Amino acid sequence: MTIELRDVTFRVGAETHIYETNLVLKPGGFNILLGTTLSGKTTLMRLMAGLEKPTTGEIWTKDRNVTGVAVQKRSVAMVYQAFINYPSFSVYDNIASPLKVAGLSKNAIKEKVHRFADLLKLTPMLNRMPSELSGGQQQRTALARALVKGTELVLLDEPLANLDYKLREELRDDLPKLFADTGATVVYATSEPLEALMLGGHTATLKEGCVVQFGETASIYRKPATLESAEVFSDPPINTAAIEKRGDEAYLGETVSWKLPEKLTFLPDGNYKIGLRPHHLLPEGQGVEVQGIVQIAEISGSDSIIRIDVDDNVWVCETRGIHSYEFGEKARFVFNAGHCMYFGADNRLINIPSSSDQTDITNSGRL
Amino acid sequence: MAEIRFKNVQHAYPPPKGQKPVYALKEVNQIWEDGGAYALLGPSGCGKTTLLNTISGLLTPSEGEIYFDDQEVTHLPTSDRRIAQVFQFPVVYDTMTVFDNLAFPLRNRGMDETAVKQRVAQIAEMLDLTANLNKRASGLTADGKQKISLGRGLVRSDVNAILFDEPLTVIDPHLKWQLRSKLKELHQQTGVTMIYVTHDQVEALTFADKVVVMYDGAVVQVGTPVELFNRPKHKFVGYFIGSPGMNFLPCKLDRGQPVFHNNLLNTSYPVGNDLSGRTEVGVRPEFVEFTDDGIPVVIDKIEDLGRYQVVTVKHESEVIKMVVDEDQQIPTDNPKIQFNPDMTRIYCDDWLVGGGQNE
């Protein structure tokens with residue numbers, strides 16, 4: 001099913017929750033809404049579901065204007081971050097409940113419940129009560145209930161956020177497979193860039209109630225239209241800094257400088273910005289050197305994330321292996337200037353790293 | 001300040017009638033060195049909170065003994081143990097000011113007001129709460145409140161240890177690292193023993209000098225982050241630490257070297273050939289690479305995760321995950337893989353066997 005937002009805004013009193021948004025979701029695929037808390041993900045979903053009516057603008061599905069059509073009259077299912085199940089129903093009855101409401105025959109219900117329980121690895125638990133399940137099993141039950149209805153639009157609002165990370169790992173693997181055969185248009189809200197990359201599909205980056213960019217997930221990551229889009233799509237946060245262009249050189253403060261890519265040397269001298277992904281800042285090696293003061297070295301098992309103060313900026317180095325630093329330690333980090341993304345003073349992308357795709361960035365899908 | 005020692009500590013909650021007791025904690029022998037930063041890591045239900053509660057005295061273990069230095073405290077009530085605790089949800093007195101919250105434990109112990117003022121000012125400084133001292137605690141954000149809980153633990157100079165039970169759960173993800181950084185800094189400044197319970201590997205490995213990994217009521221490994229990554233003693237550690245987790249593949253043994261579906265693998269840590277039990281080879285996705293010569297595989301899935309790619313391959317229906325650099329080409333023509341022998345380990349009935357266990 002197609003779903004389209006036309007000039008949609010949403011205000012509560014004097015407060016704007018969603019600024020004018022135009023968005024055409026990819027039918028029959030994964031559409032990810034990526035943004036931090038309060039960026040408007042949940043509000044957008046509630047608008048799409050019909051749980052909220054836009055203040056201005058229209059929402060269309062196929063050729064039908066559904067603005068103001070009640071949620072009950074739409075083909076929509078929604079799963080929330082908190083696992084919501086009927087506590088006094090068994091897993092079987094939880095999954096069967098929307099089918100009973102729809103008046104399906106007992107046999108048809110049985111067939112469907114078993115098919116989706118199988119898909120979500122819940123078959124051995126069908127007779128248990130939700131309180132006897134682990135968090136992952138409870139959320140899978142909620143997912144099965146949403147899927148079994150066979151709705152054309154499925155809205156998933158951070159469905160994995162309350163699960164421990166190993167379970168998230170497994171479900172992230174399973175989810176796209178689960179929906180691949182249903183043909184449903186899936187909208188998936190998350191605050192985690194890595195989750196968006198794992199799920200693939202299309203992504204809309206959101207910031208403070210605005211859709212910043214929409215397009216294929218990997219291409220948004222590689223070619224963010226603006227610094228904001230790059231920031232939304234980076235965890236740990238992308239390293240940014242104001243630079244000054246003087247001739248064919250970029251200056252970061254007075255002491256750090258490097259040669260600009262030839263393409264950029266023709267731009268007028270003045271103030272620009274750079275974005276450097278945390279994994280392109282290295283604890284050792286050759287390249288442009290920066291001095292930083294270590295705030296913390298975080299270790300995730302196989303990687304280290306080192307946060308450092310570089311002048312007025314907090315920069316992050318994300319690197320393989322386990323690197324320990326003392327708090328407050330002065331350390332040297334390096335980066336390859338070829339990995340810098342360049343933005344104008346207005347935060348619009350000028351140039352992406354030479355190693356990435358060099359196609360014309362004016363067609364980067366900005367809305 | 002004290003060294004905390006566990007001697008054969010076990011705990012079974014009372015079983016339902018006619019059933020055998022189920023142990024939530026199985027034979028823990030563990031020394032918590034004075035001034036150490038420990039993390040207790042494991043999935044929900046592994047027994048980590050049970051263990052923590054036996055330290056604080058909220059729970060008396062059904063078997064075994066606990067010592068603080070030379071004093072046995074197994075049956076001592078919480079109030080006599082001088083333990084501070086920080087829970088998932090900040091516990092603050094909402095109607096009191098930040099100052100009064102921090103002063104509370106000191107005033108309770110009858111400290112004179114000048115000393116209270118001095119000590120509270122010192123702790124507030126450490127926690128960056130000085131500017132908020134006269135504000136009511138109810139007006140603070142979740143991380144501010146959690147800092148108060150933490151401050152109340154630190155303000156007493158006589159605590160034996162501070163225990164943290166998933167203290168960052170309610171903190172906004174973007175602020176978590178700042179609080180983690182603060183905790184580390186505080187540990188270095190105060191030298192108080194800290195024990196931090198979490199199911200999050202980043203929190204555990206970042207905070208702790210030593211990580212205690214628990215699984216199914218038992219401590220399966222105690223080690224530094226590097227040890228846990230390089231040399232998981234139990235399959236669970238290999239799975240739980242690292243993302244994606246370690247690959248485990250069924251193998252036979254040939255003169256101490258693992259054989260996986262007729263492919264002789266090399267490990268720098270061979271074993272004697274007389275193992276009886278289920279043997280598997282374990283290798284992390286980071287140490288599997290494409291080579292011209294090796295085990296033939298079929299590529300199942302390539303995930304571009306920006307910084308790196310996770311490639312899922314199959315050999316004889318066994319799934320192997322690989323971590324590959326972002327700009328590396330994935331071979332399409334008869335791909336073959338190899339394992340790094342220095343990072344290939346053998347497991348028997350879920351436990352690490354073979355040489356190099358103590359390197």
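Residues numbered from 1 in each chain as written. Chains lettered and ligands numbered in written order. Predicted model: local features only at pLDDT ≥ 70, side-chain atom pairs only at ≥ 80, totals over all residues.

## So, the overall build of chain A
- Of regular secondary structure, chain A possesses 8 helices and 21 strands.
- Overall size of chain A, expressed as C-alpha extent along the three principal axes, is 75 × 45 × 40 Å.
- Looking at chain A as a whole, 43% of its 367 residues are labelled buried.
- If you take every contact in chain A between residues at least 6 apart in sequence, the share linking residues at least 24 apart comes to 65%. (Helix = DSSP H or I, 4+ residues; strand = E, 2+ residues; numbered from the N terminus. Buried ≥ 20, exposed ≤ 12 C-beta atoms within 10 Å, placed from the backbone. Contact = placed C-beta atoms within 7 Å.)

## Looking at the pairing of strand 13 (residues 257-260) of chain B
Residue and element names in this part refer to chain B.
- Sheet topology note: the strand 12 (residues 252-254)/strand 13 ladder contains 3 bridges and is antiparallel. Among the inter-strand pairings, Lys252 is bridged to a residue of strand 13, identified as Val259.
- A loop of 2 residues connects strand 12 with strand 13, the two strands running antiparallel in sequence, and Arg255 in this loop sits at a positive phi of about 45 degrees.
- Alignment of strand 13 against strand 14 (residues 263-264), held across 2 bridges, turns out to be antiparallel. Bridge pairing in strand 14 places Phe260 opposite Asn263. (Pairing = 2+ DSSP bridges.)

## Concerning the interface of chain A and chain B
- Across the contact, 25 residues belong to chain A and 32 residues belong to chain B.
- By residue class, the composition of the side of chain A that touches chain B is 10 nonpolar, 9 polar and 6 charged. (Nonpolar A, V, L, I, M, F, W, Y, C, P; charged D, E, K, R; others polar.)

## A short note on the confidence of the model for chain A
- Per-residue confidence for chain A gives a mean pLDDT of 88, with 96% of residues at or over 70.
- A low-confidence stretch, residues 357-367 of chain A stays under pLDDT 50, and its non-local contacts, those more than four residues away or across chains, total 17 contacts. (pLDDT = per-residue confidence, 0-100.)

## Quick look at the domain arrangement of chain B
All names here are of chain B.
- Each assigned domain of chain B is listed with its residue range as follows: domain 1 (4-235) and domain 2 (244-353).
- Centre-to-centre separation of domain 1 and domain 2, based on C-alpha positions: 38 Å.
- At the junction of the two partners, domain 1 supplies 5 residues and domain 2 supplies 7 residues.
- Across the side of domain 1 that touches domain 2, the residue classes tally to 1 nonpolar, 1 polar and 3 charged. (Domains from an automatic or database assignment.)

## Section: the environment of B:Phe99
Residues and elements named next belong to chain B.
- By the secondary structure assignment, Phe99 is in helix 2 (residues 98-108).
- Remark: the alpha-carbon pair of Phe99 and Arg136, spanning 37 residues in sequence, is separated by 8.7 Å.
- Dropping the residues within four chain positions of it, Phe99 is found in contact with Val120, Leu133 and Asn134.

## Examining helix 4 (residues 142-155) of chain B
Residue and element names in this part refer to chain B.
- Here helix 4 spans 20 Å end to end across 14 residues, near enough to the 20 Å set by a 1.5 Å rise per residue.
- Among the 14 residues that make up helix 4, 10 are buried, leaving the element largely enclosed by the rest of the structure.
- All of the buried residues in helix 4 are Lys145, Gln146, Lys147, Ile148, Leu150, Gly151, Arg152, Gly153, Leu154 and Val155.
- Next to the buried residues of helix 4 lie strand 6 (83-86), helix 2, helix 3 (113-126), strand 7 (161-165) and helix 5 (173-190). (Expected span 1.5 Å × (residues − 1).)

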